[in-house]
There are 2 protein chains.
Amino acid sequence: MNENEFLYSDRILKTNRSFIREILKVTSHPEIISFAGGQPDPALFPLEELRSATDSAFQKYGSQMLQYGISEGYTPLREKIFERYYKNIKYPGLSSENILITTGSQQALDLIGKIFINPGDPILMERPGYLGAIQAFSLYEPFLIGVPLEDDGLDLVALENTLSKTNPKFLYSNPTFQNPTGKTLSLQKRERIAEILGKHNCILIEDNPYGEIRFESEAFPSIQSLYPERTISLGTFSKTLSPGFRVGWICAPKEIQSKFLIAKQASDLHSNIFSQIVLSEYLDRFDLDLQIDKIRNSYKFKKERMEESLNRYMIDLADWVSPKGGMFFWLTLKNEMNSMKLFEAAIANNVAFVPGIPFYTEKPETNTMRINFSHSSIETIELGIQRIGESILKLSTISV
Amino acid sequence: MNENEFLYSDRILKTNRSFIREILKVTSHPEIISFAGGQPDPALFPLEELRSATDSAFQKYGSQMLQYGISEGYTPLREKIFERYYKNIKYPGLSSENILITTGSQQALDLIGKIFINPGDPILMERPGYLGAIQAFSLYEPFLIGVPLEDDGLDLVALENTLSKTNPKFLYSNPTFQNPTGKTLSLQKRERIAEILGKHNCILIEDNPYGEIRFESEAFPSIQSLYPERTISLGTFSKTLSPGFRVGWICAPKEIQSKFLIAKQASDLHSNIFSQIVLSEYLDRFDLDLQIDKIRNSYKFKKERMEESLNRYMIDLADWVSPKGGMFFWLTLKNEMNSMKLFEAAIANNVAFVPGIPFYTEKPETNTMRINFSHSSIETIELGIQRIGESILKLSTISV
């Protein structure tokens, strides 16, 4: 059938298939060690607890779990999310009514596109930035502008410069253990960014999927806590409990939330209520903090093993900033090594990662790459990094 | 906070809150008999079977139920949907790969908007038509054109006339036990519509949530079976098993499906995999046809009781076409009685329905209304219809 036979929308014709999807096809071979995905370690899912919570939810709630629900989401779950994540935010009237349950955080990004973006609207995001956000926003045809990242998060001089030249609909940021770089916005910069955004009346989308997966005791305040009047906060249970449940949320000022609600209803009426009730029951009966401690300890250990291997096999081949949480290392290859070429060589050597290019909205830095440490076993981490190092050396030899 | 303080997209500013949502708030009082919603009867949910399927799914699939899945949906579920609903469609290469799992049929409507609609594009749909489709499409700012319904479905003379004057992106139709009218496209018209659409190369969206809930033995072939090359078929488990699971699907020609996949990934990555695996396990272990028989018998009985009451209390006050399946009666009030005014009087008399206005994209027929029979108990059906009749008589007296 001919591609041109059907009359598609402009937005879909401008959108490519996901680069990472294509990569994941190649990396599904069992002999390949893959650092490409961004999946949690399934061995850490609280399988027995969720099974028990499902069982008791069936007993307590019965057919309510199977019927249509309200678009806002399951009320007791919204209350628990508010209590856990937002009750200390100082903003008049903020309550569980400001929480909207979404089908994963990805849907929150789509709803943001729906309610804010007209074609051509300038949107600011980190450079490099989260690929899923680039994809979701792109369908609404904005003008995406990347603001560079420094080791301690967004370059605020560049941000202020951009804000004085454009009037963006919002800044999308993932300030804590960022995907893809693992970088975290410093406390000082959090205070400063709230001032800068306030001066320009700019809305902030603060996406925080990894905030609880931190390897050090100190947690920074959210930017939302410093700038509640114009922050839309996104959260998810995908990294702490289960991505398969597809339960994320938006916390936004009430007036914005009313627009999200219209968009939510048009998009899927409401998210799966069965899983919302199971999660709510889990939170009633089990301690999420214990679950998070388990994840922190495991990922911290894996991250340290990966860094040891990086120091052993790649210290002269790449630079990186040691992440203080999350799931990723971001490598900058030395000698302008192209990570796309390296990807091919690495696949031939049975190891995979994600080249940096798809994380840039324009002018990609071709010597960058993302490697994940949450999903691999300790045994494969060293071997995989060794293989990447070998592939770099092999490519360098060919180039010389 | 001032509405104009934030810079929203044009699309969301043009979209109103759902009329039905507002109605449902009023009708949630326990003393009100509500025929307003479109919910299945929760007493018919196969609660014990789904509980047992959940339990065995946990045992068999474990952490796979909780991990990220592929955007297309759970492969064994797609295979079962194909086997049950599409294996007899004569179209080269059609297979389970043509099935994409969506977060309810509502998401399918959103994805259709995403991949087809540019602002101003003409779109055809039934007049009156499904409110959820009007909402989902409207966010993509099309020019919605209503094609009138006759007692045996779409007015094909009007359809052909419109097709010869416009070049619509697609016709959206709900040909079997339509929401809101309960009308069904006749066999003869199904053959004819395939010819007409084919002549104009027009894509058909055939939305079929109610097809299996039929009260007579004869089932008409889908329009898709007569026009597979340009039909996008939508289905759902919401009316047969559980709306709370939010599992619907799209079956489309492969080339179109590839565009849906891009849009799906940007919209929510994938639908809840936990519920997809539970449904798949249910279909393996239980007989969906027995479940559907139960629903058919119950709704047929309720429909007959409602029609008896209509004949008793409203025979001189309204006209209707007896539905042969589905969940709704559509009433046309005599003497140009305004159903919005009637709604207020009926609420005062503790009974609710949906006035016809929101089902029209333009020039609504203000003397129409939708009443649901699936969700009410037998005991309340007669009393509720009696109350509506009383409210009409009371209003007529006031008018005189």
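Because the structure is predicted, anything quoted here is derived from the model rather than measured.

### Comments concerning the overall build of chain A
The number of helices and strands found in chain A is 14 helices and 14 strands. Relative to its length of 400 residues, chain A is compact, with a C-alpha radius of gyration of 21 Å against a globular reference of 21 Å. Over its C-alpha atoms, taken along the principal directions, chain A stretches across nearly 65 × 55 × 55 Å. When burial is assessed residue by residue, chain A has 64% of its 400 residues classed as buried. Considering only intrachain contacts with a sequence separation of at least 6, the fraction spanning at least 24 residues in chain A is 75%. A total accessible area of about 14,900 Å² is found for chain A, and carbon and sulfur atoms account for 50% of it.

### Quick notes on the relation of the copies chain B and chain A
The two chain copies are connected by a rotation around an axis plus a translation along it. With an axial shift of 0.0 Å and an RMSD of 0.0 Å, the rotation relating chain B to chain A amounts to 180 degrees. The superposition of one copy onto the other is thereby described by a two-fold rotation axis. Considering only C-alpha atoms, the part of chain B nearest the rotation axis is B:Asn272, at 3.5 Å.

### Thoughts on the pairing of strand β8 (residues 231–236) of chain A
Residue and element names in this part refer to chain A. In terms of burial, β8 is largely enclosed, as six of its six residues are buried. Going residue by residue along β8, you find Thr231, Ser233 and Gly235 tucked away on one face and Ile232, Leu234 and Thr236 tucked away on the opposite face as well. In this sheet, β8 lies alongside strand β7 (residues 203–207) in parallel orientation, the contact comprising four bridges. Residue pairing in the sheet places Leu204 in a bridge with Thr231 of β8. Where β8 and strand β9 (residues 247–251) come together, four bridges link them in antiparallel fashion. When the sheet's bridge partners are listed, Thr236 is paired in β9 with Gly248.

### Points about the packing of aromatic side chains
This structure, assessed with the given rule, holds 37 aromatic pairs over all chains. Between B:Phe215 and B:Phe373, the aromatic rings sit 6.1 Å apart at their centres with planes inclined by 55 degrees, giving tilted as the arrangement. Of this pair, B:Phe215 sits in the loop between β7 (203–207) and α9 (223–226) while B:Phe373 sits in the loop between β14 (368–372) and α14 (378–399), and the two are 158 residues apart along the sequence. Each member of the pair, B:Phe215 as well as B:Phe373, is classed as buried. Taken together through their ring pairs, the aromatic side chains of A:Tyr8, B:Phe116, B:Phe137, B:Phe170, B:Tyr172 and B:Phe260 make up a single cluster. The cationic tip of B:Lys259 hangs over the ring face of A:Tyr8; the distance from NZ or CZ to the ring centre is 4.9 Å. Sitting over the face of the ring of B:Phe301, B:Arg305 holds its NZ or CZ atom 4.4 Å from the ring centroid.

### Some thoughts on the nonpolar core
Counting residues in each nonpolar core, the largest one holds 68 residues, and the members touching the most others are A:Phe116, A:Phe260, B:Phe116 and B:Phe260. Discounting chain neighbours no more than four positions away, the residues touching A:Phe116 are A:Asp121, A:Lys169, A:Phe170, A:Ile203, A:Ile232, A:Ile256, A:Phe260, B:Leu7, B:Tyr8 and B:Ser9. Judged by nonpolar contacts, the second largest core, of 62 residues, contains A:Ile99, B:Ala53, B:Leu77 and B:Leu288.

### A word on the pattern of salt bridges
Scanning all chains against the criterion turns up 52 salt bridges over all chains. As a salt-bridge pair, A:Glu281 and A:Lys60 come within 2.8 Å of each other at their nearest N and O atoms. A residue pair is termed long-range when its members are at least 10 positions apart, and A:Glu281 in helix α11 (residues 273–285) and A:Lys60 in helix α3 (residues 47–61) qualify at 221 residues. Taking the relative accessible area as the measure of exposure, A:Lys60 reaches 52% and is therefore exposed. With a shortest N-O distance of 2.9 Å, B:Asp41 and B:Lys302 are connected by a salt bridge. Residue B:Asp41 is located in the loop between β1 (33–34) and α3 (47–61), and its partner B:Lys302 is located in helix α12 (residues 288–313); the two are separated by 261 residues in the primary sequence. For the pair shown, B:Asp41 and B:Lys302 are each scored as buried. Three or more residues joined by partner-sharing salt bridges are found here, namely A:Asp110, A:Lys114, B:Asp110 and B:Lys114.

### Considerations on the side chain of B:Gln106
Mapped onto the secondary structure, B:Gln106 falls in helix α5 (residues 104–116). Looking at B:Gln106, the relative accessible area reads 3%, which means it is buried. Of note is the side chain of B:Gln106, whose polar atom sits 3.1 Å from the backbone oxygen of B:Gly132. With residues up to four places along the chain from it excluded, the contact list for B:Gln106 reads A:Gln265, A:Ala266, A:Ser267, A:Asp268, A:Leu269, B:Tyr130, B:Gly132, B:Ala136 and B:Arg246.

### With respect to the UniProt feature "domain: Aminotransferase class I/classII large" (unreviewed entry) in chain A
The positions UniProt marks with the feature "domain: Aminotransferase class I/classII large" (unreviewed entry) are residues 32–388 of chain A. Across residues 32–388 of chain A, the secondary structure splits into 42% helix and 17% strand, with the terminal C-alpha atoms separated by 12 Å.

### Comments concerning the interface of chain B and chain A
Residue-level contacts link 84 residues of chain B with 84 residues of chain A. For the pairing of chain B and chain A, the buried interface totals around 7,400 Å² over both sides, and the portion due to carbon and sulfur atoms is 57%. Applying the counting rule to chain B against chain A returns two salt bridges. Where A:Asp110 meets B:Lys114, a salt bridge forms, and the shortest distance between an N and an O atom there is 2.9 Å. Across the chain B-chain A interface, the total number found is 44 residue pairs in polar contact (both at pLDDT 80 or more). Only α1 (10–13), α3, α5, α6 (131–138), α10 (254–268) and α11 (273–285) of chain B provide two or more residues apiece to the side of chain B that touches chain A.

### What about the pairing of strand β11 (residues 328–333) of chain B?
Residue and element names in this part refer to chain B. Within β11, five of the six residues are buried, which leaves the element mostly enclosed by the surrounding structure. Two elements, strand β10 (residues 318–319) and β11, share two bridges in a ladder whose sense is antiparallel. Within β11, the position partnered with Asp319 by the bridge is Thr332. One ladder, built from five bridges, connects β11 with β14; its direction is antiparallel. Opposite Trp330, over in β14, you have Arg370 as the bridge partner.

### A word on the sheet that holds strand β13 (residues 354–355) of chain A
Here four strands make up an open sheet; going across it, the order is β10-β11-β14-β13 (chain A) and the pairing antiparallel. Sheet topology places β10 (318–319) and β13 of chain A at the edges, where each strand pairs with a single neighbour.

### Observations regarding unusual backbone geometry
The amide bond that connects A:Asn179 to the next residue, A:Pro180, takes the cis arrangement and shows omega of 20 degrees. You can see A:Pro180 is positioned in the loop between β6 (170–173) and α8 (187–199). Note the cis peptide between B:Arg127 and B:Pro128, where omega equals -5 degrees. With respect to the secondary-structure elements, B:Pro128 resides in the loop between β3 (122–127) and α6. Here the phi dihedral of A:Asn201 falls at roughly 50 degrees; this positive angle occurs in a residue that is not glycine. Here A:Asn201 lies in the loop between α8 and β7. Owing to a relative accessible area of 48%, A:Asn201 belongs among the partly exposed residues under this scheme. Within the chain, B:Arg246 stands out as a residue other than glycine whose phi angle is a positive 50 degrees. As for its placement among the helices and strands, B:Arg246 is situated in the loop between β8 (231–236) and β9 (247–251).

About the criteria used
- Residues numbered from 1 in each chain as written.
- Chains lettered and ligands numbered in written order.
- Predicted model: local features only at pLDDT ≥ 70, side-chain atom pairs only at ≥ 80, totals over all residues.
- Heavy atoms only, no water.
- Helix = DSSP H or I, 4+ residues; strand = E, 2+ residues; numbered from the N terminus.
- Rg over C-alpha atoms; globule rule 2.2 N^0.38 Å.
- Buried < 20%, exposed > 50% of the residue type's maximum accessible area, 1.4 Å probe, protein only.
- Contact = heavy atoms within 4.5 Å.
- Areas by Shrake-Rupley, 256 points an atom, 1.4 Å probe, with all protein chains shown as cover.
- Least-squares fit on C-alpha atoms with pLDDT ≥ 70 in both.
- Pairing = 2+ DSSP bridges.
- Phe/Tyr/Trp six-rings, centres within 6.5 Å; stacked < 30°, edge-to-face > 60°.
- Lys NZ or Arg CZ within 6 Å of the ring centre and 35° of its normal.
- Core = buried A, V, L, I, M, F, W, Y, C linked by side-chain atoms within 4.5 Å.
- Salt bridge = Lys/Arg side-chain N within 4 Å of Asp/Glu carboxyl O.
- Polar contact = N/O pair within 3.5 Å; in protein donor to acceptor, adjacent residues only side chain to side chain.
- UniProt positions renumbered as here; feature names shortened; annotations may be inferred.
- Buried area = accessible area lost by both parts, 1.4 Å probe.

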